[in-house]
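# Secondary and tertiary structure notes
Read off the chains here:
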Amino acid sequence: MTSNPPNHVVLVHGLWVTPRSWEHWVPHYEARGLTVHTPGYPGFEIEVEALREDPDLIAGLTVPETVDHLASVITALDTPPVIIGHSFGGTLTQLLLARGLGAAGVVIDSAPTEGVRVNPLSQARSLFPALKNPANRHRAVGFTPEEWHYAFANTLTPEESRAAWDRYAIAAPGHWVWEYGLFANFKPGHQDTWVDYAADRAPLLFIAGEEDHIMPPSVNRSNARHYDRSPALTEYVEFPGRDHWTCAAPGWEAVADHALDWALAHAVGAPASRTNA
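Structure report, in brief. (Residues numbered from 1 in each chain as written. Predicted model: local features only at pLDDT ≥ 70, side-chain atom pairs only at ≥ 80, totals over all residues. Heavy atoms only, no water.)

### Notes on the overall build of the protein chain
Applied cut-off: Think of it this way: any DSSP run of H or I at least four residues long counts as a helix, any run of E at least two long counts as a strand, and we number them from the N terminus. Values of the radius of gyration come from C-alpha atoms, whereas the globule rule sets the reference at 2.2 Å times the count of residues to the power 0.38. Note on classification: 1.4 Å probe, protein chains only; a residue is buried when its accessible area is under 20% of the maximum for its type, exposed when over 50%, partly exposed between these limits. A contact between two residues is defined here by any heavy atoms of the two lying within 4.5 Å. Residue exposure ignores everything except the shown protein chains as possible cover, and the areas themselves are Shrake-Rupley values with a 1.4 Å probe. Residues scored as positive are Lys and Arg, those scored as negative are Asp and Glu, and His as well as the terminal groups of each chain are ignored. Charged side chains are reduced to one point each, which is NZ for Lys, CZ for Arg, CG for Asp and CD for Glu.
A tally of regular secondary structure across the protein chain gives ten helices and eight strands. Taking 277 residues into account, the globule formula puts the C-alpha radius of gyration at 19 Å, and the protein chain, at 17 Å, falls close to it. Seen along its three principal axes, the alpha-carbon backbone of the protein chain occupies a region of about 50 × 45 × 35 Å. Within the protein chain, the proportion of its 277 residues that are buried is 56%. Considering only intrachain contacts with a sequence separation of at least 6, the fraction spanning at least 24 residues in the protein chain is 77%. Surface summary for the protein chain: the accessible area is close to 11,100 Å², and the carbon and sulfur share equals 54%. Averaged over its 18 positive side-chain charges, the protein chain has a centre that lies 6 Å from the centre of its 32 negative ones.

### Comments concerning the pattern of salt bridges
This is how the line gets drawn: Whenever Lys or Arg places a side-chain nitrogen within 4 Å of a carboxyl oxygen from Asp or Glu, that contact is recorded as a salt bridge.
As enumerated under the stated definition, the model contains eight salt bridges in all. Between E47 and R20 there is a salt bridge whose closest N-O contact spans 2.7 Å. Here E47 is found in the loop between strand 2 (35-37) and helix 2 (48-53), whereas its partner R20 is found in the loop between strand 1 (8-12) and helix 1 (25-30), with 27 residues between them in sequence. Classification of R20 by relative accessible area gives buried; the value is 13%.

### Overview of the packing of aromatic side chains
Two aromatic rings, taken as a pair, are described by how far apart their centres are and by the angle between their planes. The condition that has to hold: Centres within 6.5 Å make a pair out of two Phe, Tyr or Trp rings, where for Trp the six-membered ring is used; the pair is then stacked when the planes are under 30 degrees apart, edge-to-face when over 60, and tilted otherwise.
Overall, the coordinates contain 15 aromatic pairs when judged by the stated rule. Taking the centre distance of 5.7 Å and the plane angle of 25° together, the rings of Y41 and W176 count as stacked. Pair noted here: Y41 is in the loop between strand 2 and helix 2 and W176 is in helix 8 (residues 174-180), with a separation of 135 residues, a long-range link. Note on Y41: relative accessible area 0%, which makes it buried. Ring geometry for Y197 and Y227: centres 5.0 Å apart, planes at 75°, overall edge-to-face. Taken as a pair, Y197 in the loop between helix 8 and strand 7 (204-209) and Y227 in the loop between helix 9 (217-225) and strand 8 (234-239) lie far apart in primary sequence, 30 residues in all.

### Some thoughts on the pairing of strand 3 (residues 82-86)
Counted only if it meets this: Strand pairing requires that DSSP identify at least two bridges connecting the strands. A clockwise course of the path from the first strand over the helix to the second, judged with the strands pointing away from the viewer, identifies a crossover as right-handed.
Counting buried positions along strand 3 gives five out of five residues, so the element sits mostly inside the fold. Here strand 3 shows no split at all, with V82, I84 and H86 on one side and I83 and G85 on the other all buried. For strand 1 and strand 3, the ladder comprises four bridges, and the chain directions are parallel. Looking across to strand 3, one finds that V10 is bridged to I83. Between the parallel elements strand 3 and strand 4 (residues 104-108), the chain passes through helix 4 (residues 88-98) in a crossover that is right-handed.

### A word on the environment of A259
Structurally, A259 is set in helix 10 (residues 252-266). As for A259 and I108, which are separated by 151 residues in sequence, their C-alpha atoms are 8.5 Å apart. Non-local contacts of A259, meaning those with residues more than four positions away in its chain, are made with Y29, I84, V106 and I207.

### Considering the environment of T157
Here T157 shows up in the loop between helix 6 (145-151) and helix 7 (158-168). Taking relative accessible area as the criterion, T157 reaches 35% and is therefore assigned partly exposed. With ten residues separating them along the chain, T157 and R167 place their C-alpha atoms 16 Å apart.

Right, here's the structure in full:
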């Protein structure tokens, strides 16, 4: 552990939600004396309700511009932060660590980076609303309440899941699901979610939920194992009985505390390079 532990935490949300999804985590971490940042993707700065009214605002968003935007937030801080990402925010967190950013990273129910070839049936079923129509590659695609319940909140009652959908759910750029979902590994060359798995970087923890349908534990275990040749610390932990909505479902505090405790215990000092190269 560094003698000067991080005093910033950057929380990176996933697809189909906005920074509002971290609303419980912010005061929870602030109570521990940390400064918490919840940057949205470009175009996600407006409220959930406004994005529902006009989802085309984010239909054309790209991964590189999103990573660049998040990197600009991180490099503006006075010290390297802990970076915690959920779902596709976990992919983005891995991409940020690969740039030499962050003192430690935690990814929760992470979408995979390029090269992870595990695609369980529940994942295919969860992503089917976006994949069923090729035209969705050029649209922002949302979940119905029933689709959200299966993909995100399958351990909750239908009523609890619907309340979460009402407060948090938005559409997501369909081409992200097409380009970086089930078909990313069938394209030649490196894609936007490629990382050098053998490179050094800040310590990284994978947290998976046993009951997660859209990013099951097998996906996260495989993603973590890809880093076996890296000299950097990589660990994996699985929370029993938890689904993809683990960051807001009842008992989220245990996930939040484990993520932060691990990150602070293993955080390193400022990397040699904090550029966007």
